[in-house]
Amino acid sequence: PSPKVQATHPDCSVVLYFQEQEAECLEIIRSESQTPAPPGLPRQQGCLTEWDGVSCWSAVPVGQSRAVTCPDILHVFKKSKALIQRNCTESGWSFPSPPYYNACELEAMGSNNDTEAKASYFVTMKVLYTCGYSTSLAALFLAIGIFSCFRKLHCTRNSIHIHFFTSFILRGAAVFIKDAVLFSDESVDHCTMSTVNCKAAIAFFQYSVLANFYWLLVEGMYLQTLLLLTFTSDKRYIWWYILIGWGVPMLTVCVWVVTRLQYDNHGCWDDYTSLYWWVIKAPILLAIFVNFLIFLNVTRMLAQKIRSPDISKNYKQQYMRLTKSTLLLIPLFGVHYVVFALFPEHIGVDARLYFELVLGSYQGFLVALLYCFLNGEVQAEIKRNWGKWQSSMESNVFNLATQDFTA
């Protein structure tokens, strides 16, 4: 049976398969060269073990032959029962018969035009998600500046929003860092690259993704707490929210890093087919599941409060304003992840990349838009300070004109 290949990308399994086969063959050749010849016999009586770039041919005496099958690599060679044979002659190994290209039929693979189209597709996708993350980062920094500058906006709710914005900033920065570390040098073999820098970049990326989902969970938890405990100060819970939003992802990533170092320290740790990927995937799915339950519960509580005759119209409007953003974000952020989690990683790769990279890159902008730029409280505060600034400017101009007149 073929050895299990660890790879950073499905296409890399082909490269790593032949590298492992070659390493095993060279080890056999090395051990044979170190084995002393029997007394009274010449050193070489036949054909020595040889690696021809595809298969390893074991040593045989002159006049005998060896037969091997096609390399057992999924999605590359079709299953063929044909045998490739080589004879050991006095002048050495004969050529493979039949040749590999006749005996081993390749699976249908794309033409050069398909390869160029695929390369162009990935370049276009990179441009799109680079623009998306750049737009999101600009909007998020502006939103954090607005919440920080205006004193009347300082409250627990907006503090949680700032942490949520920060998780998106980290996620966008992690994508740019990962691209710079893994793909900046085209001469680097990504299939065998296993440096500390690339592993650290992947670990930081996984932490930012986890923090992103857990701060969305905190947003949902805060909204539910606000509806359940109307007369309780929410400041007492802020440290619990911070512990969940930043602490749980940190603990998860630390466990994942130790696990990969101990049991699966191959490549750059961006192999999503590894079983250890569930150390990251399971907590994300848990956060999405809990958020979905919160979504249902908040919707139920909101319907009850709106129907209640004891609550004034102003309170009903306040409940609607508090819930519309979070109720929109919870399904928006989790649905595609749950759908793709039900399928293996190699299925729907193009759709997965589009949702996670292109559409996902604009999620930070959407969050800033919903929680800050379209927030009535924020708009009112900006208008109020803009009016004060205009009045101050007009007053200064009037004072200067009066001074000139009296002078």
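Residues numbered from 1 in each chain as written. Predicted model: local features only at pLDDT ≥ 70, side-chain atom pairs only at ≥ 80, totals over all residues. Heavy atoms only, no water.

Trainee: What exactly am I supposed to notice about the sheet that holds strand β5 (residues 92–93) here?
Mentor: Two strands in a sheet stick together by hydrogen bonds in their backbones, pointing the same way (parallel) or opposite ways (antiparallel). The strand order across the open sheet formed by 3 strands is β3-β4-β5, and the pairing between neighbours is antiparallel. Of all the strands in the sheet, the pair left with one neighbour each is β3 (65–68) and β5. Examined bridge by bridge, strand β4 (residues 84–89) and β5 share 2 bridges and lie antiparallel to one another. Its bridge partner lying in β5, Thr-89 is registered against Gly-92. (Pairing = 2+ DSSP bridges. Helix = DSSP H or I, 4+ residues; strand = E, 2+ residues; numbered from the N terminus.)

Trainee: Would you take a moment to explain unusual backbone geometry for this structure?
Mentor: Phi is mostly negative for residues that are not glycine, and the peptide bonds are mostly trans. Here the residue pair Ser-97 and Pro-98 is connected by a cis peptide bond, since its omega of -5° sits within 30 degrees of zero. Counting through the fold element by element, Pro-98 comes out in the loop between β5 and α2 (100–103). For Trp-269, which is not glycine, the phi dihedral falls at a positive 70°. By secondary structure assignment, the location of Trp-269 is in the loop between α6 (238–263) and α7 (278–307).

Trainee: What is the right way to read the nonpolar core from this model?
Mentor: Grouped burial of nonpolar side chains is what soluble globular proteins tend to show. Counting residues in hydrophobic clusters, the biggest one holds 59 residues, and the most contacted among them are Ile-160, Phe-164, Phe-165, Trp-215, Ile-280 and Ile-284. Mapped onto this core, the elements with two or more residues apiece are α3 (112–149), α4 (156–183), α5 (196–228), α6, α7 and α10 (363–373). It is α5 that contributes the most residues to this core, 17 residues altogether. Core analysis: the second largest hydrophobic core is formed by 11 residues, Trp-57, Ile-84, Cys-88 and Tyr-100 among them. (Core = buried A, V, L, I, M, F, W, Y, C linked by side-chain atoms within 4.5 Å. Buried < 20%, exposed > 50% of the residue type's maximum accessible area, 1.4 Å probe, protein only.)

Trainee: Quick question: what am I supposed to make of the pattern of salt bridges here?
Mentor: Counted under the stated rule, the structure contains 5 salt bridges. Across the pair Glu-377 and Arg-157 runs a salt bridge whose closest N-O atoms are separated by 2.5 Å. A residue pair is termed long-range when its members are at least 10 positions apart, and Glu-377 in helix α11 (residues 376–406) and Arg-157 in helix α4 qualify at 220 residues. Given the relative accessible area of 29%, Glu-377 is considered partly exposed. With a relative accessible area of 16%, Arg-157 lands in the buried category. Residue Arg-260 is joined to Asp-264 by a salt bridge in which the shortest nitrogen-to-oxygen separation is 3.5 Å. As far as the burial class goes, Arg-260 and Asp-264 line up, both buried. (Salt bridge = Lys/Arg side-chain N within 4 Å of Asp/Glu carboxyl O.)

Trainee: What should I look at first to understand the UniProt feature "transmembrane region" (unreviewed entry) in the chain in this one?
Mentor: UniProt tags residues 127–150, 162–183, 213–231, 238–258, 278–298, 326–347 and 353–374 as "transmembrane region" (unreviewed entry). For residues 238–258, the helix share is 100%, the strand share is 0%, and the end-to-end C-alpha distance is 30 Å. The span residues 353–374 is 91% helical and 0% strand by assignment, and the distance between its end C-alpha atoms comes to 29 Å. (UniProt positions renumbered as here; feature names shortened; annotations may be inferred.)

Trainee: Would you mind showing me how to read the packing of α4 against α6 here?
Mentor: When two helices pack together, their arrangement is given by the angle between the helix axes and by the axis-to-axis distance. Where α4 contacts α6, the two axes come as close as 11 Å, and the packing angle between them is 15°. On the basis of their axis angle, the class for α4 and α6 is roughly parallel. In this structure, α4 meets α6 at a crossing whose hand is right-handed. Of the residues in α6, those in contact with Thr-156, Ser-159, Ile-160, His-163, Thr-166, Ser-167 and Leu-170 of α4 are Ile-238, Tyr-241, Ile-242 and Trp-246. A per-class count over the contact of α4 with α6 returns 6 nonpolar, 5 polar and no charged. (Axes fitted to C-alpha atoms, helices over the stretch in contact; angles between N-to-C directions. Parallel < 35°, antiparallel > 145°, perpendicular 65-115°, else oblique. Left-handed = near helix turned anticlockwise from the far one by under 90°. Contact = heavy atoms within 4.5 Å. Nonpolar A, V, L, I, M, F, W, Y, C, P; charged D, E, K, R; others polar.)

Trainee: Is there a simple way to think about the packing of aromatic side chains in this case?
Mentor: When we look at a pair of aromatic rings, we describe it by the centre distance and by the angle of the planes. In the structure shown here, the tally under the stated rule is 13 aromatic pairs. On the numbers, 6.3 Å between centres and 80° between planes, the contact of Tyr-129 with Tyr-133 is edge-to-face. Linking Tyr-129 with Tyr-133, this pair stays in helix α3, spanning 4 residues, or about one helical turn. On the accessibility criterion, Tyr-129 (7% relative accessible area) is buried. Exposure remark for Tyr-133: the relative accessible area of 5% places this residue in the buried category. Between the aromatic rings of Trp-215 and Trp-246, the centroid separation amounts to 5.7 Å while the plane-to-plane angle is 65°, which identifies the pairing as edge-to-face. Here Trp-215 is found in helix α5, whereas its partner Trp-246 is found in helix α6, with 31 residues between them in sequence. Since its relative accessible area comes to 0%, Trp-215 is described here as buried. Trp-246 sits in the buried class, given a relative accessible area of 17%. Taken together, the ring pairs connect Tyr-129, Tyr-133 and Phe-176 into an aromatic cluster. (Phe/Tyr/Trp six-rings, centres within 6.5 Å; stacked < 30°, edge-to-face > 60°.)

Trainee: How should I be thinking about the side chain of Ser-55 in this particular structure?
Mentor: Residue position: Ser-55 is located in the loop between β1 (50–51) and β2 (56–57). Within the structure, the side chain of Ser-55 is placed 3.2 Å from the side chain of Tyr-100, a separation counted as a polar contact. (Polar contact = N/O pair within 3.5 Å; in protein donor to acceptor, adjacent residues only side chain to side chain.)

Trainee: Sorry, what's going on with α5 here?
Mentor: Working note: α-helix, 3.6 residues per turn, so residues spaced by three or four point in the same direction. With 33 residues, α5 ought to run about 48 Å at 1.5 Å a step, and its terminal C-alpha atoms sit 47 Å apart, in line with that. Burial analysis of α5 places 25 of its 33 residues in the buried class, the great majority of the element. (Expected span 1.5 Å × (residues − 1).)

Trainee: What's the story with the state of the cysteines in this structure? I'm lost.
Mentor: Counted under the stated rule, the structure contains 3 disulfides. Across the disulfide, Cys-47 is cross-linked to Cys-88 (sulfur-sulfur distance 2.1 Å). Taking the sign of the S-S torsion, 100° for the link of Cys-47 and Cys-88, the bridge is right-handed. Taken together, the residues span a long stretch of sequence, with Cys-47 in the loop between α1 (12–34) and β1 and Cys-88 in strand β4 at a distance of 41 residues. The side chain of Cys-198 participates in a disulfide bridge whose partner is Cys-268; the two sulfur atoms lie 1.9 Å from each other. In this structure, the disulfide formed by Cys-198 and Cys-268 twists by about -95° around the S-S bond and is classed as left-handed. Taken together, the positions of Cys-198 in helix α5 and Cys-268 in the loop between α6 and α7 put the pair 70 residues apart, joining distant regions of the chain. Accessibility assignment for this pair places Cys-198 and Cys-268 in one class, buried. (Disulfide = S-S within 2.5 Å.)

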